[in-house]
2 protein chains.
Amino acid sequence: MMVSEYIHQIIALLQPEKECVENAFKKMELSKGDFFIKQGKVCDQVAFVVSGKLRNFYIDDAGNEVTCFFVTADSFVSAFTSFLTNTPTHENITALEDTVLRVISKKDIEELSILIPKMQIFRRIIAENLFIIMEKRIMMLQSQSAHERYEKMLKENPEILLSVPLQYTASFLGITPQHLSRLRKELQK
Amino acid sequence: MMVSEYIHQIIALLQPEKECVENAFKKMELSKGDFFIKQGKVCDQVAFVVSGKLRNFYIDDAGNEVTCFFVTADSFVSAFTSFLTNTPTHENITALEDTVLRVISKKDIEELSILIPKMQIFRRIIAENLFIIMEKRIMMLQSQSAHERYEKMLKENPEILLSVPLQYTASFLGITPQHLSRLRKELQK
DNA sequence: GTGATTTCTTAACATTTGTTCAGTGTGATG
DNA sequence: CATCACACTGAACAAATGTTAAGAAATCAC
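Below or above, wherever it landed, is the structure these notes cover.

### Looking at the protein's contact with DNA strand C
Thinking step 1. The immediate surroundings of DNA strand C are formed by 15 residues, with Gln178(A), Arg182(A), Leu166(B), Arg184(B) and Lys185(B) found nearest.
Thinking step 2. The sugar and phosphate moieties of DNA strand C supply 67% of its atoms located within 4 Å of the protein.
Thinking step 3. In the environment of DNA strand C, a phosphate oxygen lies 3.2 Å from a nitrogen or oxygen atom belonging to the backbone of Gln167(B).
Thinking step 4. Per element, the largest residue contribution to the surface near DNA strand C is four residues, and it comes from helix H9 (residues 177-188) of chain B.
Thinking step 5. Residue composition of the surface near DNA strand C, grouped by class: four nonpolar, eight polar and three charged.

Rendered as structure tokens:
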């Protein structure tokens, strides 16, 4: 989907506004394995995923990769906390497959928001939607067992489960790959 | 703090705008144990906590209360997901002590946002800040042990730990009261 | 103040999850 | 083809956490 189309679905845009938006987002192509952002940098851009798939992960105190999110087409991706606070990020965002992005810098978002004031509403809605996703995830991690979390993911995001290495899914669920392997076997019965 | 003051700290308000904001938020007083919202209802208001303390919890599949958040003075409280999606909430929000709120309805927020367009920016920033808090919490739940989570809370929110019943803290950390009691004893050594 | 109720602690035991390590399969590369 | 690296599985054991039940401590209602 085009980024202006996506925004238009949320806040109606006039044709010249659509063009203005399309010009503000620059095309970026990532090959499988390429990084959108690496830990230690300040993330000053946000991207709309046109096609492909990415993974957001960080390295915990024990040195393990912990997957925070998978990001698929028609959604926004960024190290948002770094982006919003201008502090170096702990997150890495990498392409799980060849991926096409439309990228906009913080500066350009601000300029676009002056040109098109209702972009403020759009930005608010995006932030609110991210919040809703986060809250769901917290409830899952806080009150469900690993087994329940896996079954829920199997039901709600089978396409991710099937397309990414098991170890990524494991850390996303907050468990070790060995334990996920065990849960899978139990579930086969 | 007055709610207009709080907002003013984030987006500068003119004196008449401050008054406009103060009028839009209605005073509400809760006694200890009173509910701001109960599960099953659609939450159509947001409150600024002037003084007091609240707890946000839901009942999980096993029938246990699970504490999602503690909310203290000078922050906003609501069943945000319900508020944003107009769906019945699973959350309960209750006063842990006598509490003074300034409450605004969804309708009034929209009207206020038309009168004072920069309220859109404020609303976005609030949503973004909630997102940042959520993300931190996810990382904690996903990659740290109960012991580490407790120590972190002890360091960062001792005032909450000391003022709420242990069982609330336990479910907030994602563990049983018995296990928290055990962790505490270990830490005393 | 007294009894009743709730909250907290403790301990034994059960379950879940992590750790270590060995093995198996698979795909890439020379 | 041989080999290497990597992802996944499996099993034995260890550590973390849950469950149950009982008693101690704190709080509440009268």
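### Some details on the packing of helix H8 (residues 166-173) of chain A against helix H9 (residues 177-188) of chain A
Residue and element names in this part refer to chain A.
Thinking step 1. At a closest axis distance of 8 Å, the pairing of H8 and H9 adopts a crossing angle of 95°. Here H9 runs roughly perpendicular to H8, going by the angle between their axes. Contacts between H8 and H9 involve Leu166, Gln167, Thr169, Ala170 and Leu173 on the former and, on the latter, Pro177, Leu180, Ser181 and Arg184.
Thinking step 2. Split into classes, the residues belonging to the contact of H8 with H9 amount to five nonpolar, three polar and one charged.

### Looking at the packing of aromatic side chains
Thinking step 1. Applying the stated criterion across every chain yields a total of 14 aromatic pairs over all chains.
Thinking step 2. Ring centres 5.6 Å apart and planes at 80° place the aromatic pair Phe131(A) and Phe80(B) in the edge-to-face group. Of this pair, Phe131(A) sits in helix H5 (residues 119-143) while Phe80(B) sits in helix H3 (residues 80-85), each in a different chain. Accessibility assignment for this pair places Phe131(A) and Phe80(B) in one class, buried.
Thinking step 3. One aromatic cluster is present, formed by Tyr6(A), Phe48(A), Phe76(A) and Phe122(A) through successive ring pairs.
Thinking step 4. Lying across the ring of Phe83(A), Lys106(A) places its NZ or CZ 4.9 Å from the centre.
Thinking step 5. Above the face of the Phe172(B) ring, Arg137(B) is positioned so that its terminal group lies 3.9 Å from the ring centre.

### With respect to helix H2 (residues 15-24) of chain B
Residue and element names in this part refer to chain B.
Thinking step 1. Within H2, the full set of buried residues consists of Glu17, Val21, Glu22 and Ala24. Within H2, the buried residues cover an arc of 160° as seen down the axis, which keeps them to one side. The exposed residues of H2 that point more than 90 degrees off its buried face are Pro16 and Asn23.
Thinking step 2. Those residues of H2 that are buried lie in contact with helix H1 (3-10), strand E1 (26-30), strand E8 (99-105) and helix H4 (106-115).

### A closer look at the pattern of salt bridges
All names here are of chain B.
Thinking step 1. Per the counting criterion, the structure on display carries 16 salt bridges over all chains.
Thinking step 2. A salt bridge links Arg123 to Glu110, with the nearest nitrogen and oxygen atoms 3.2 Å apart. With Arg123 in helix H5 (residues 119-143) and Glu110 in helix H4, this residue pair connects regions lying 13 residues apart in the sequence.
Thinking step 3. By relative accessible area, Arg123 is classed as buried at 13%.

### Observations concerning the relation of the copies chain B and chain A
Two copies of a chain can be linked by a rotation about an axis combined with a shift along that same axis.
Thinking step 1. Between the two copies, chain B and chain A, the superposition gives an RMSD of 0.0 Å; the rotation angle is 180° and the shift along the axis is 0.0 Å. Such a turn and shift between the copies fits a two-fold axis. Across chain B, the rotation axis passes nearest the C-alpha of Arg124(B), at a separation of 2.0 Å.

### What about the protein's contact with DNA strand D?
Thinking step 1. Near DNA strand D lie 16 residues; those nearest to it are Leu166(A), Lys185(A), Ala146(B), Gln178(B) and Arg182(B).
Thinking step 2. Backbone atoms, meaning sugar plus phosphate, form 63% of the atoms of DNA strand D positioned within 4 Å of the protein.
Thinking step 3. In this structure, Lys185(A) approaches DNA strand D through a side-chain N or O atom, which is 3.3 Å from a phosphate oxygen.
Thinking step 4. The set of elements that each furnish at least two residues to the surface near DNA strand D consists of H8 and H9 of chain A together with H9 of chain B.

### Concerning the nonpolar core
Thinking step 1. One finds Ile7(A), Phe25(A), Phe76(A), Ile7(B), Phe25(B) and Phe76(B) to be the most contacted residues of the largest nonpolar core, which totals 62 residues.
Thinking step 2. In this structure Phe76(A) touches Val3(A), Tyr6(A), Phe25(A), Val46(A), Ala47(A), Phe48(A), Val71(A), Phe122(A) and Ile126(A), once residues within four positions along its chain are discounted.

### Some points on the sheet that holds E8(B)
All names here are of chain B.
Thinking step 1. Spatial ordering of the open sheet is given by E1-E8-E3-E6, a layout of four strands whose pairing is antiparallel. Strand pairing shows two members of the sheet lacking a second neighbour, E1 and strand E6 (76-77), which therefore form its edges.
Thinking step 2. Two elements, strand E3 (residues 45-51) and E8, share six bridges in a ladder whose sense is antiparallel. Its bridge partner being in E8, Val46 is matched across the sheet by Ile104.

Parameters and conventions
In every chain, residue numbers begin from 1 and rise along the written sequence. All chains are assigned letters beginning at A, and all ligands numbers beginning at 1, according to the order in which they are written. Under the rules for a predicted model, residues below a pLDDT of 70 receive no local features and side-chain atom pairs below 80 are neither given nor counted, while totals for whole chains, interfaces and linings still include all residues. With hydrogens and water set aside, each side-chain value is computed from the structure's full complement of heavy atoms. If even one non-hydrogen atom of a residue comes within 4 Å of a molecule or strand, that residue is called near it. Here a polar contact is recorded for every N or O atom pair within 3.5 Å, except that within protein the pair must consist of a potential hydrogen donor and a potential acceptor, and residues adjacent in sequence are included only if both atoms are side-chain atoms. Counting from the N terminus, the helices are the DSSP runs of H or I reaching at least four residues and the strands are the DSSP runs of E reaching at least two. Polar here means any residue other than Ala, Val, Leu, Ile, Met, Phe, Trp, Tyr, Cys and Pro, which are nonpolar, and Asp, Glu, Lys and Arg, which are charged; Gly is therefore polar. Helix axes are fitted to C-alpha atoms over the stretch in contact, other axes to C-alpha atoms as well, and angles between N-to-C directions run from 0 to 180 degrees. Small angles under 35 degrees read as roughly parallel and large ones over 145 as roughly antiparallel, with 65 to 115 read as roughly perpendicular and the rest as oblique. By the convention used here, residues are in contact when the closest approach between their heavy atoms is within 4.5 Å. Each pair of aromatic rings taken from Phe, Tyr and Trp, with Trp reduced to its six-membered ring, is defined by centres within 6.5 Å and is described as stacked if the planes are under 30 degrees apart, edge-to-face if over 60, and tilted in the remaining cases. Think of it in three bands: with a 1.4 Å probe and only protein chains considered, a residue is buried below 20% of the maximum accessible area for its type, exposed above 50%, and partly exposed in between. Definition used: whenever NZ (Lys) or CZ (Arg) falls within 6 Å of the ring centre and also within 35 degrees of the ring normal, the charge is taken to sit over that ring. The arc in question is traced by the directions running from the helix axis to the C-beta atoms. By definition here, a salt bridge exists when the distance from a side-chain nitrogen of Lys or Arg to a carboxyl oxygen of Asp or Glu is within 4 Å. Here the copies were fitted onto each other by least squares, based on C-alpha atoms from residues at pLDDT of at least 70 in both. Buried Ala, Val, Leu, Ile, Met, Phe, Trp, Tyr and Cys residues form a nonpolar core when they are joined through side-chain atoms within 4.5 Å. Between any two strands, pairing holds if DSSP finds at least two bridges.

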